[in-house]
Amino acid sequence: MSAAAPGTTFTLLMLPFLAALIAPWLTRRLGHNAAWLLALVPLAIFVHFLGFSSEVANGEIVTGGFAWVPSYNVSFSWLIDGLSLTFVLLISGIGALIMLYSGGYLKGHVQLGRFFSFMLLFMGAMLGVVVSDSFLMLFVFWELTSITSFLLIGFDHTREASRRAAIQALVVTGGGGLALLAGLLVIWNITGVSQISLLLILGDEVRLSPFYLLALLLVLGGAFSKSAQFPLHFWLPNAMEAPTPVSAYLHSATMVKAGVYLLMRLNPVLGETIWWETILPVFGGATLIVGTLLAIRQTDLKLMLAYTTVSSLGLLVMLTGFGSERAVAAAVLYLVAHSMFKGALFMVAGLIDHEAGTRDVTKLGGLRKAMPVTFIAAMAAAISMGGLPPFFGFLAKEEIYYALWATDLWSLAFVATAVIGNGLMFVIGFAVAIKPFFGPKVETPKHAHEGPVLLWLGPLTLAAAAFVAAVLSPYTHQLISSPMASAVAGDSQTVTISLIPHLGPALTLSLITIVFGVIVYRMLDRARDAMARLLAAIGWGPDRGFDQVISGAVRLSGAVTRVVQPGRMDFYMTVTFIMIAIALFAPMAIYDEWPDMPTWPADAQFHELAVFVIALVGLGAVIYARDRLTAIVSLGVQGFAVALLFMLFGAPDLSFTQFMVETLAVVILALVMTRLKLTASDHRSTQEKVLDMSVSLACGIGFALFLLSVTQQPFDPFISEFFAAYSKIAAHGTNVVNVILVDFRGTDTLGEIAVVMVTGLAVLSLIRVRTNWNGVAVADNDPDGREEGR
Amino acid sequence: MEPVFAILVGALFTVSIYLFMSKHIIRVLMGAAILSNAVNLLIFTAGRITREVPPIIGPGVDTLSASAANPLPQALVLTAIVIAFSFFAFLLVLGYRAFQKLGTDNSDEMRVAEPVNEPAPPLGY
Amino acid sequence: MRTVIFRSIAPYLTSLMVLFSIFVLLRGHNLPGGGFIGGLIAASALAIYGIACGVAPVRRAIHFHPMAISAFGLFLGAGAGVLSVFASVPFMTGLWTYPTLFGVELALSSVLVFDIGVYLVVVGAIASIALALEERDRD
């Protein structure tokens, strides 16, 4: 590597974020053709990272980065090994195609620029997740993908279904992210390292720790929610409310694989334990079966694909946790294959929707002649998904059966799971690729014809890539599969599977899968009805449960708010002051630090005591004054008494200021009050008076005792002595108070005069404002503009 | 003299808090004015009391004499007085405008922001 | 309150108070006084003038809007802090110079500039509040 390489890598990792900034502007200038320019961003990343492939294939790990918060040993650093590199290439390669596809799909959409911007943000975040070396960076980017996913799912924010799906995805994946953070912190606590590259060799330390299970469960919470594992799978099909490019990119090819990435990344650290090898296969297998069964039930092309994505993710989790080295290799192959064929199929589904106006599989047919290129891409992708040669999916499926096959009961159960899952996915793949294209021509809402190049370029390229990768499998394995499998397994691995089938259990299982798939395919309509009846019989599901949880939370918070915040100011005040009284008395009571009984000051002089008495009389008069002017004047009396006290006890500056302020306060209070028909007298009932008086007495006595105990402590004049000593020598002023204000603590004073000025501005605007909000209800959530006058 | 100051500070706090818990904004306002006095005097007293010798360095000497008052609390309180006054003026105008707009000075009747029978928050998305 | 006597003496009283406030401001560094007190005295002077003769004459007399004066004061205060940048010392460090004018040595400093800033902020803000309240009196 050249010396400039870390800078280049960093720049390229930041490039999507910069491109996201200029994307709206670019789209305003160029319209949907901005896609061609914006696709260069992921392309540049793809090319740059391809340059690492030879090093990584040799088993090297490329790292780099910068110190971020050195005091906490947190750095912005990246780690590129076979696993990261494969993900980076998938994200950037598919990303480039998706950018083009988005340009065609949302051509003419008002918010196309915003869409590009979100997509690029997501791309940057996702790249960040897979290259991050430090935990904190990983977490930040992880949550950023959740947030961008939220923005993209809710892109069509005028529909309630979109908003619901967006919130659901955010709650599930964002909440999982928090669990992940907690898990990473536990691992950090166990090992004392916060960098993945250092962590990878500390696996034993983590596994033997008593906190291992806690860390594992927390990390799995993050991974399972992100990768839509049963029973947290429900957000993913709902996320299909997003525009199709989003579904193809985030919700099949990349983001949902972040959970799988995390499991693979931490496999050398957390893996090879009984917990890992039980939880992962069981949840993965359950997800695989549930996903495919639910997929059978759907008629919407995107939903069918979404549920098979759920099951594919289940298969990946199952393989990752299975514990054998071949299973890891199978997971790696299947992950790459899945990104290609599922991305392609989603784009095909969007293309059909875009051109024919519907994506309901029962309302489509005979599009083969109208959309030949789409048909080719769809067929190629479906063949790969079905695990047939000569596509990459075939290699993956063979490897899966090699990996799982054994004659003990545990393995056989998973073999059966895999066969059923694969068979049903075979059915869905071909249902998507065949049903819309063959058969009699069905009248569609739009007159279907081939889409523009922007739309079919993506799926065709991905399908072709799956073919090339399979045919040139030795090179693919050398560049991608083997390094990645090595990174996941934690030691050197070589993947050898090729298109030439070997007679044996794997091939037999493949044949069984295909036969099973063909049978189900022929009776798809009946299977769909059966599933629909079954689901109707169950009724409740996690999806509906989510609604209940959310509305329950809203109701609960509403009820709590009504109790805690009844909207009565005197209630708030009473509670606040009761708390203050407790805060004053509790420490003295707990630590038994009551002040000593004070002695009467012998040096107290008559005129001083007179001022105190005046102040007390003024205070009493404020409370008991019958009319407002008396109250205001009494207020002035106690203020002047305080000013006199300042004067008598060595604070002439304070005294003058207090005099001026009290005068002004009385004047403006009188100015305003004479204009209001107000009474200053008390209107409280006796009961309220007693309560308020006891609370205020408690506070007052508390403060008096507090002050007494403070003054009975020895005085530490350290700071005051500093000012006294240096005021003249260093700051050339003899009025120490003023020197402190304008010199020693000048910056404080600058802030304080800023406050004074802002108050002046606020008063001025309050007086000038012409209110017009009377009678207008305040709606805080009114997206449809139902409110009058909007 | 500190115990006498403590008594006065306690009285100031008591009266100010008693006024604060009233429902009439004019009384709350006066409570705010007294509260600033209470806090200022608290800080002032906590810095210890000295009689009649202001913290001013006399001619011909370079440092403050030991008998002078503690300058630090005075500096803190000086800005506090001015800020408390601006804040008081703001509160006054706020109450005045609220009275003009709502026709009441009773805090119980000021329910624009938190209506009495506020509908439950929307349950949709 | 707008008696003839009050109205007659108010302008003189105000001028005297403003003069006194400037005196208090300038001696503040060495004797009791300073920007806060001076500012409050000047603001009270303007308020008295406003009560006696109405707000419009006050606004004419001070020419600028009170908040503009206040803002200029804040600018001056911040500027006095920034001055220290040119002397390569930390923000808000006091800088002193002793030019001799007509044979009298003057002590000029960034600290004095800052205190004048404080004075202007307080005059502007408090006078603005007082005048605004007095103005509402007549509508």
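Fair warning: this is a prediction, and the values are worked out from it, not measured in the lab.

This part covers the overall build of chain A. Counting its regular elements, chain A contains 33 helices and two strands. Computed over C-alpha atoms, the radius of gyration of chain A comes to 36 Å, more than 25% over the 28 Å expected from 2.2 N^0.38 for 790 residues, which places it beyond the range of a compact globule. The C-alpha extent of chain A, read off along each of the three principal axes, is 115 × 60 × 55 Å. For chain A, the proportion of its 790 residues judged to be buried stands at 56%. Intrachain contacts of chain A at a sequence separation of at least 6 include 78% that bridge at least 24 residues. With the model as given, the accessible surface of chain A reaches about 32400 Å², and the carbon-plus-sulfur share is 68%. When the 43 basic and 49 acidic side-chain charges of chain A are each reduced to a single mean position, those positions are 15 Å apart.

All right, on to the confidence of the model for chain B then. Residues and elements named next belong to chain B. When the pLDDT values of chain B are averaged, the result is 86; 100% of them are 70 or greater. Taken element by element, chain B is modelled with least confidence in helix α3 (residues 71–102), mean pLDDT 89, and with most confidence in helix α1 (residues 2–20), mean pLDDT 92. ipTM for the predicted complex: 0.92, alongside a pTM of 0.71.

Residue and element names in this part refer to chain A. The pairing of strand β1 (residues 62–69) with strand β2 (residues 74–80) spans seven bridges and is antiparallel. Bridge assignment links A67 to a residue of β2, and that residue is S75. The hairpin turn running from β1 into β2, its antiparallel successor, is four residues long, and N73 in that turn takes a positive phi close to 60°.

What follows covers the side chain of S21 of chain C. All names here are of chain C. Within the secondary structure layout, S21 lies in helix α1 (residues 4–27). Residue class for S21 comes out buried when judged on its relative accessible area of 0%. One polar contact links the side chain of S21 to the main-chain carbonyl oxygen of V18, over a distance of 2.6 Å. Discounting residues that sit within four places of it in the chain, S21 has contacts with G38, I41, A42 and Y119.

Once that is clear, we can look at the packing of helix α15 (residues 274–297) of chain A against helix α24 (residues 524–538) of chain A. Any two packed helices are characterised by the angle at which their axes cross and by the distance between the axes. All names here are of chain A. In the contact formed by α15 and α24, the axes pass within 7 Å of each other and the chain directions differ by 110°. Classified by the angle between their axes, α15 and α24 sit roughly perpendicular to one another. Counted together, L293, L294, I296 and R297 of α15 and L524, A527, R528, M531, A532 and L535 of α24 form the full contact between these two elements. Of the residues belonging to the contact of α15 with α24, the class tally is eight nonpolar, no polar and two charged.

Moving on, we come to the domain arrangement of chain A. Parsing chain A into structural domains produces domain 1 (287–522), domain 2 (610–677) and domain 3 (721–779). Each of domain 1 of chain A and domain 3 of chain A has a C-alpha centre, and these two points are 68 Å apart.

Residue and element names in this part refer to chain A. Between its first and last C-alpha, helix α26 (residues 569–590) extends 31 Å over 22 residues, near the 32 Å set by a 1.5 Å rise per residue. Turning to α26, its buried residues number three or more, namely D570, M573, T574, F577, A581, L584 and M588. Note on α26: the residue one or two positions beyond its end, D592, has a positive phi of about 55°.

Our focus in this paragraph is the confidence of the model for chain A. Across chain A, the average pLDDT comes to 85, with 96% of residues at or above 70. Low pLDDT, under 50, characterises residues 775–790 of chain A; the predicted model gives this stretch eight contacts beyond four residues in sequence or across chains.

So, about the interface of chain C and chain B. Interface size is commonly expressed as the accessible area that is lost once the parts come together. At the junction of the two partners, chain C supplies 10 residues and chain B supplies 11 residues. Regarding the contact of chain C and chain B, the summed buried area is about 900 Å², with carbon and sulfur atoms giving 85% of it. Between chain C and chain B we count zero salt bridges in total. Take the side of chain C that touches chain B: its biggest share by element is five residues, from helix α5 (residues 110–136) of chain C. Taken together, the residues of the side of chain C that touches chain B sort by class into eight nonpolar, one polar and one charged.

Our focus in this paragraph is the packing of aromatic side chains. Enumeration according to the criterion identifies 32 aromatic pairs over all chains in this entry. Relative to Y261 of chain A, the ring of F87 of chain A lies with its centre 5.2 Å away and its plane at 80°, an arrangement referred to as edge-to-face. With F87 of chain A in helix α5 (residues 82–105) and Y261 of chain A in helix α14 (residues 257–270), the pair connects residues that are 174 residues apart, well separated along the chain. The exposure class assigned to F87 of chain A is buried, which follows from its relative accessible area of 2%. Residue classification places Y261 of chain A among the buried residues on the basis of a relative accessible area of 1%. Arranged with centres 3.6 Å apart and planes meeting at 5°, the rings of F703 of chain A and F13 of chain B form a pair that is stacked. Highlighted residues: F703 of chain A in helix α30 (residues 686–712) and F13 of chain B in helix α1, drawn from two different chains. In this structure, F703 of chain A and F13 of chain B share a single accessibility class: buried. The rings of F10, F17, F66, F76, W78 and F141 of chain A are connected pair by pair, giving a single aromatic cluster. Above the face of the Y402 of chain A ring, R326 of chain A is positioned so that its terminal group lies 4.7 Å from the ring centre.

It is worth spelling out the interface of chain A and chain B at this point. Counting residues at the interface gives 117 residues for chain A, matched by 89 residues for chain B. Here chain A and chain B share an interface that buries about 9500 Å² over both sides, 74% of which is from carbon and sulfur atoms. Among the residues chain A hides against chain B, the three largest losses belong to F649, L707 and L766 of chain A. Together they make up 7% of the total. Taken together, the connections running from chain A to chain B amount to three salt bridges.

Applying the stated criterion across every chain, the model contains 16 salt bridges over all chains. Its salt-bridge partner being R326 of chain A, residue E399 of chain A comes within 3.0 Å of it at the nearest N-O pair. Taken together, the residues span a long stretch of sequence, with E399 of chain A in helix α19 (residues 392–404) and R326 of chain A in helix α17 (residues 325–356) at a distance of 73 residues. The partly exposed category is assigned to R326 of chain A, whose relative accessible area is 37%. Here D360 of chain A and K363 of chain A are joined by a salt bridge, their closest N and O atoms 3.6 Å apart. Of the residues examined, D360 of chain A reaches a relative accessible area of 18% and is grouped as buried. A network of salt bridges, in which partner residues are shared, links R568, D570 and E688 of chain A together with K23 and D108 of chain B.

It is worth spelling out the environment of G81 of chain C at this point. Residues and elements named next belong to chain C. Assignment of secondary structure puts G81 in helix α4 (residues 66–86). In this structure the C-alpha to C-alpha distance between G81 and S21, which are 60 residues apart in sequence, comes to 23 Å. Leaving out residues up to four positions away in the same chain, G81 has contacts with F91 and M92.

Parameters and conventions
Residues numbered from 1 in each chain as written. Chains lettered and ligands numbered in written order. Predicted model: local features only at pLDDT ≥ 70, side-chain atom pairs only at ≥ 80, totals over all residues. Heavy atoms only, no water. Helix = DSSP H or I, 4+ residues; strand = E, 2+ residues; numbered from the N terminus. Rg over C-alpha atoms; globule rule 2.2 N^0.38 Å. Buried < 20%, exposed > 50% of the residue type's maximum accessible area, 1.4 Å probe, protein only. Contact = heavy atoms within 4.5 Å. Areas by Shrake-Rupley, 256 points an atom, 1.4 Å probe, with all protein chains shown as cover. Lys, Arg positive; Asp, Glu negative; His and termini not counted. Charge placed at Lys NZ, Arg CZ, Asp CG, Glu CD. pLDDT = per-residue confidence, 0-100. Pairing = 2+ DSSP bridges. Polar contact = N/O pair within 3.5 Å; in protein donor to acceptor, adjacent residues only side chain to side chain. Axes fitted to C-alpha atoms, helices over the stretch in contact; angles between N-to-C directions. Parallel < 35°, antiparallel > 145°, perpendicular 65-115°, else oblique. Nonpolar A, V, L, I, M, F, W, Y, C, P; charged D, E, K, R; others polar. Domains from an automatic or database assignment. Expected span 1.5 Å × (residues − 1). Buried area = accessible area lost by both parts, 1.4 Å probe. Salt bridge = Lys/Arg side-chain N within 4 Å of Asp/Glu carboxyl O. Phe/Tyr/Trp six-rings, centres within 6.5 Å; stacked < 30°, edge-to-face > 60°. Lys NZ or Arg CZ within 6 Å of the ring centre and 35° of its normal.

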